[in-house]
Protein chains: 2
Amino acid sequence: MTDNALLLPPLSPTPRSTPTRLKDRARTDRAELHAVLDAGLICHLGVLLGGTPVVLPTAYGRDGNLLYLHGSTGAGNLRAALEHDVSVAVTLVDGVVYARSAMHFSMNFRSAVVLGRAVEVTDPQQRLHGLRVIVEHAAPGSWDRVRPPNKKELAATAVLALELTEASVKMRAGGPNDDAGDIAAGGVWAGVLPTRQVWEPPVSAPDLGPGVAVPSSVSQRCTARQSG
Amino acid sequence: MTDNALLLPPLSPTPRSTPTRLKDRARTDRAELHAVLDAGLICHLGVLLGGTPVVLPTAYGRDGNLLYLHGSTGAGNLRAALEHDVSVAVTLVDGVVYARSAMHFSMNFRSAVVLGRAVEVTDPQQRLHGLRVIVEHAAPGSWDRVRPPNKKELAATAVLALELTEASVKMRAGGPNDDAGDIAAGGVWAGVLPTRQVWEPPVSAPDLGPGVAVPSSVSQRCTARQSG
């Protein structure tokens with residue numbers, strides 16, 4: 001788990017200063033960031049709560065250069081998220097790397113860590129758009145198929161936007177990086193056990209009326225790979 | 001995504017004060033926490049870096065009431081992790097909940113968020129044990145099969161332990177919680193699209209010598225479900 005260059009990681013030197021200002025980077029870097037964010041299903045949001053960096057799993061969505069989050073209005077977490085910089089991590093694990101020595105075990109993965117100050121979206125149209133982006137990220141093809149938010153629901157919901165200006169994208173792929181001596185010694189299996197997220201067949205709600213078919217946006221997703 | 005009681009999500013009121021002191025809870029709560037931690041593959045660690053709550057994906061392992069993490073000695077992240085309280089989140093997504101209205105979309109999931117002050121493990125035997133726990137979490141059955149850490153590797157590696165005394169476990173399962181009016185209106189499909197992580201067949205390292213078989217700990221894992 002400490003395959004030094006590439007380990008899943010951290011606790012290795014990735015202080016605030018390391019993430020690159022995206023404006024200084026090539027378009028391919030931004031495309032990589034977007035690809036990781038779009039492939040994830042949930043993110044982990046880091047918020048400063050009472051001096052503690054608390055990590056919260058949450059839904060998200062991306063549109064262009066904006067990451068959208070949402071929450072309950074008036075929630076302590078929400079206020080905290082707006083008062084300090086936050087970070088958002090999206091991680092996809094692609095495999096466990098089995099090495100010939102304990103300290104070269106690692107993970108294959110794709111991860112993005114975005115840093116910045118989230119802002120509350122107040123424009124009614126952008127609020128609706130942000131919620132659409134979040135729902136469509138989790139359940140593509142759903143927004144236009146279901147009842148839109150009503151006034152009461154909208155009043156209870158805050159929409160946050162985080163600009164994708166500072167981010168760190170890391171990836172590891174391929175087999176173990178074993179020491180030459182361990183490879184030469186032979187006899188120990190090494191390789192990768194790949195893993196991926198799959199969809200299983202949809203389960204209709206028990207109280208679903210008769211004759212309501214599973215939408216193609218759902219059934220098609222089930223037959224496609226989630227990531228990769 | 002704002003199915004209020006149960007949403008994946010956060011930004012709802014889960015301030016530092018909400019996680020329960022485990023000592024005050026029944027043994028079933030601790031068993032639930034352990035089950036989530038044991039089912040996850042990676043965690044997201046929240047560290048305060050330059051005033052920002054930075055979220056880092058990393059490997060971990062659990063033994064009894066201790067969560068083990070590791071990192072490179074001298075790394076800025078590591079120092080930061082020891083100077084302040086940290087949080088560790090492990091999240092398993094079990095499905096996307098499709099509702100009849102946009103704001104009732106949700107996720108089925110199991111998550112654990114642990115808070116506390118990590119300590120550096122200095123006892124040589126416990127350091128080795130912590131590393132074993134981390135490697136065995138990612139790759140069960142591997143530690144005794146491969147070369148153990150040498151002095152140089154050990155000197156470059158810090159082992160951290162976090163006691164499981166303050167944690168929040170959340171779970172959501174089952175179908176959508178739609179409004180009665182939306183259910184009565186009918187005509188809109190609702191249900192759950194389950195998801196799970198699966199292992200694919202192992203890929204041997206290209207430089208693996210002839211006649212080295214895939215260990216049963218690897219091949220058996222491939223035929224078992226990762227979670228659940």
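Small disclaimer: the values here were computed from a predicted structure and weren't measured.

Rules and cut-offs
- Residues numbered from 1 in each chain as written.
- Chains lettered and ligands numbered in written order.
- Predicted model: local features only at pLDDT ≥ 70, side-chain atom pairs only at ≥ 80, totals over all residues.
- Heavy atoms only, no water.
- Helix = DSSP H or I, 4+ residues; strand = E, 2+ residues; numbered from the N terminus.
- Buried < 20%, exposed > 50% of the residue type's maximum accessible area, 1.4 Å probe, protein only.
- Contact = heavy atoms within 4.5 Å.
- Areas by Shrake-Rupley, 256 points an atom, 1.4 Å probe, with all protein chains shown as cover.
- Buried area = accessible area lost by both parts, 1.4 Å probe.
- Salt bridge = Lys/Arg side-chain N within 4 Å of Asp/Glu carboxyl O.
- Pairing = 2+ DSSP bridges.
- pLDDT = per-residue confidence, 0-100.
- Core = buried A, V, L, I, M, F, W, Y, C linked by side-chain atoms within 4.5 Å.
- Polar contact = N/O pair within 3.5 Å; in protein donor to acceptor, adjacent residues only side chain to side chain.

A look at the overall build of chain A
Link 1 in the chain: A tally of regular secondary structure across chain A gives six helices and twelve strands.
Link 2 in the chain: The buried share of chain A, taken over its 228 residues, is 57%.
Link 3 in the chain: Across chain A, contacts joining residues at least 24 apart in sequence account for 75% of those joining residues at least 6 apart.
Link 4 in the chain: For chain A, the accessible area works out to roughly 8,700 Å², and carbon and sulfur atoms hold 54% of it.

Focus on the interface of chain A and chain B
Link 1 in the chain: Each side of the interface is counted separately: chain A has 103 residues, and chain B has 105 residues.
Link 2 in the chain: Across the interface of chain A and chain B, roughly 8,800 Å² is buried in total on both sides, 66% from carbon and sulfur atoms.
Link 3 in the chain: On inspection of chain A and its partner chain B, the count reaches eight salt bridges.
Link 4 in the chain: The partner of Arg196 of chain B in a salt bridge is Glu200 of chain A, with the nearest N and O atoms 2.5 Å apart.
Link 5 in the chain: For the side of chain A that touches chain B, the element with the most residues is strand S11 (residues 191-199) of chain A, which contributes nine residues.

Things to note about the pattern of salt bridges
Link 1 in the chain: One pass over the structure, following the stated rule, counts 20 salt bridges over all chains.
Link 2 in the chain: The salt bridge partner of Arg62 of chain B is Asp38 of chain B, with a shortest N-O separation of 2.8 Å. Remark: Asp38 of chain B occurs in helix H1 (residues 27-39) and Arg62 of chain B occurs in strand S4 (residues 61-63); sequence separation between them is 24 residues.
Link 3 in the chain: Accessibility expressed as a relative area gives 40% for Asp38 of chain B, which makes it partly exposed.
Link 4 in the chain: In the salt-bridge network here, residues are joined through shared partners; they are Arg147 and Glu153 of chain A together with Asp179 and Asp182 of chain B.

Topic: the pairing of S11 of chain A
Each regular strand displays side chains that alternate between the two surfaces of the sheet.
Link 1 in the chain: Most of S11 of chain A sits inside the fold, with nine of its nine residues counted as buried.
Link 2 in the chain: Of the two faces of S11 of chain A, the one holding Gly191, Leu193, Thr195, Gln197 and Trp199 of chain A and the one holding Val192, Pro194, Arg196 and Val198 of chain A are both buried throughout.
Link 3 in the chain: Relative to S11 of chain A, strand S6 (residues 86-98) of chain A is paired through four bridges, and the arrangement is antiparallel. Across the sheet, Val97 of chain A pairs through a bridge with Val192 of chain A, a residue of S11 of chain A.
Link 4 in the chain: In the sheet, S11 of chain A pairs with strand S11 (residues 191-199) of chain B via five bridges, with the strands oriented antiparallel. Residue Thr195 of chain A lies in a different strand from S11 of chain B, and its bridge partner there is Trp199 of chain B.

With respect to the confidence of the model for chain A
Residues and elements named next belong to chain A.
Link 1 in the chain: Per-residue pLDDT for chain A has a mean of 87; in total, 86% of the residues score no lower than 70.
Link 2 in the chain: Below pLDDT 50 for its whole length, residues 1-15 participates in 68 contacts with residues either more than four positions away or in separate chains.
Link 3 in the chain: Across the assembled chains, the prediction reports ipTM 0.90 with pTM 0.90.

Focus on the nonpolar core
Generally speaking, nonpolar side chains in soluble globular proteins are found buried as a group.
Link 1 in the chain: Judged by nonpolar contacts, the single largest core of 68 residues is most densely connected at Leu37, Val88 and Leu160 of chain A together with Leu37 and Leu160 of chain B.
Link 2 in the chain: Of all hydrophobic cores here, the second largest spans 32 residues; its members include Tyr68, Leu131, Ala139 and Cys222 of chain B.

Some thoughts on the environment of Trp189 of chain A
Link 1 in the chain: Relative to the assigned elements, Trp189 of chain A resides in the loop between helix H5 (180-185) and S11.
Link 2 in the chain: When its relative accessible area of 1% is taken as the criterion, Trp189 of chain A is described as buried.
Link 3 in the chain: Once the C-alpha coordinates of Trp189 of chain A and Leu37 of chain A are considered, the two residues, 152 residues apart in sequence, prove to be 34 Å apart.
Link 4 in the chain: When neighbours within four sequence positions are excluded, Trp189 of chain A is seen to be in contact with Tyr98 and Ala99 of chain A together with Arg145, Pro202, Val203, Ser204, Leu208, Val212, Ala213, Val214, Pro215 and Val218 of chain B.
Link 5 in the chain: Among the polar contacts listed, one links the side chain of Trp189 of chain A to the side chain of Ser204 of chain B, at a separation of 2.8 Å.

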